[in-house]
Amino acid sequence: MAKKLKAEEPAKPNPEMLVIDERYIKDGDKEKLKGATDAQIAAFGDELTARVLHQPEVRAARIVQRFEGESLNINAAADELRGLVAEVQGGNMKRPEAMLVAQAHALDALFSSLALRSHANSSEGYLDAADRYLRLALKAQAQAVRTIEALGELKNPRPVTFVRQANLAHNQQVNNGTPSQAENFGNQQTQLSGGTHELLPDARASGNASRVNSTLETLGEIHRAKVPRG
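Caption draft 1: Focus on the overall build of the chain. Counting its regular elements, the chain contains nine helices and zero strands. Along the chain, helices (α) and strands (β) appear in the sequence α-α-α-α-α-α-α-α-α when read from the amino end. In the chain, which comprises 230 residues, the proportion classed as buried is 14%. Of all intrachain contacts in the chain linking residues separated by at least 6 positions in sequence, the fraction that spans at least 24 positions is 58%. Per element, the accessible surface of the chain, about 19,800 Å² overall, is 56% carbon and sulfur.

If you want it as structure tokens, here you go:
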């Protein structure tokens, strides 16, 4: 009897393999590639790869996928993060609030676990290990407090105050008929110099400006359209 051949199972996609496809193509890219040479297409491929890898969602997806392993596909993670970013940009802050609340609880659980480990090692006489666990527990506790503070700032932002302007207005004094110290100082400077002060032209500034103008004029000569002689 002939043995039945087992159908080959399709190869599973590599969860770490980032697929750069239509999702990352801008509106003007297709027009740019019309009639492009092989070298120009290769250069565009390098440009597109750099553009994708510098996107915050892709960078975060690479990190998250590396910790999650094969259970998470990097392309699905990037798509999910892209949607979450769009929600925040649209003004929906429910997800960041939920994230901070969850992280605060996770840090509190970490604090409790490390504190219990510290107590267990201390009871057995391992004081060095107990000290290390306690330090880690206190770090987790401090981070939990910071997370709750960040959540409070997110829910109730502090009003913007202009303290400096208010203090200046409060400290102003009106002197009727009595010159102020600033006026006395200005008068003394005028008397010492023998006349009034005027803004003198800055030789360095004018030199820089002339160099810029000459450069622009040179570029104008280079890019000026040539007129055929009659």
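Caption draft 2: How the structure looks around the pattern of salt bridges. Here the structure, examined in full by the defined rule, presents 11 salt bridges. Among the salt bridges present, the one from Asp29 reaches Arg51, with a minimum N-O distance of 2.9 Å. Of the two residues, Asp29 is situated in helix 1 (residues 29-33) and Arg51 in helix 2 (residues 38-53); the sequence distance between them amounts to 22 residues. Of the residues examined, Asp29 reaches a relative accessible area of 3% and is grouped as buried. Here the residues in one salt-bridge network are Asp21, Arg23, Asp79 and Arg82, joined through shared partners.

Caption draft 3: Structural context of the packing of helix 5 (residues 94-123) against helix 6 (residues 127-155). Running from N to C, helix 5 and helix 6 cross one another at 165°; their axes reach a closest spacing of 8 Å. The angle between helix 5 and helix 6 places the two elements in the roughly antiparallel class. Two packed elements cross with a definite hand, and for helix 5 against helix 6 that hand is left-handed. Class assignment for the residues of the contact of helix 5 with helix 6 results in 23 nonpolar, seven polar and four charged.

Caption draft 4: Molecular detail of the nonpolar core. If you look at the biggest cluster of nonpolar residues, it comprises 10 residues: Leu18, Tyr24, Phe44, Leu48, Val52, Val58, Ala61, Ile74, Ala77 and Ala78. For this core, the elements supplying multiple residues, two or more each, are helix 2, helix 3 (56-68) and helix 4 (74-89). Ignoring any residue separated from it by four or fewer positions in sequence, one finds Val52 in contact with Leu18, Ile20, Tyr24 and Val58.

What counts, and where the lines are drawn
Chains are numbered independently. Their residues run from 1 in the order of the written sequence. Two thresholds apply to this predicted model, a pLDDT of at least 70 for residue-level local features and 80 or more for giving and counting side-chain atom pairs, whereas whole-chain, interface and lining totals are computed over all residues. Computation of side-chain values: all heavy atoms of the structure, hydrogens and water removed. By the criteria applied, helices consist of DSSP H or I runs no shorter than four residues and strands consist of E runs no shorter than two, each listed in order from the N terminus. For each residue, the accessible area found with a 1.4 Å probe, counting protein chains only, is set against the maximum for its type, and the residue is called buried under 20%, exposed over 50%, and partly exposed in between. Between two residues, a contact is recorded if the distance between any of their heavy atoms is within 4.5 Å. To measure how exposed things are, a 1.4 Å probe is used in the Shrake-Rupley method; for residues, cover is taken only from the protein chains shown. What makes a salt bridge here is a side-chain nitrogen of Lys or Arg within 4 Å of a carboxyl oxygen of Asp or Glu, nothing more. To get an axis, fit a line to the C-alpha atoms, keeping to the stretch in contact for a helix; angles then go from 0 to 180 degrees between the N-to-C directions. Small angles under 35 degrees read as roughly parallel and large ones over 145 as roughly antiparallel, with 65 to 115 read as roughly perpendicular and the rest as oblique. What makes a crossing left-handed is the near helix being turned counterclockwise from the far one by less than a right angle; a clockwise turn instead makes it right-handed. Each residue is assigned to one of three groups, with Ala, Val, Leu, Ile, Met, Phe, Trp, Tyr, Cys and Pro labelled nonpolar, Asp, Glu, Lys and Arg labelled charged, and all others, Gly among them, labelled polar. Grouping buried Ala, Val, Leu, Ile, Met, Phe, Trp, Tyr and Cys residues that are joined through side-chain atoms within 4.5 Å yields what is termed a nonpolar core.

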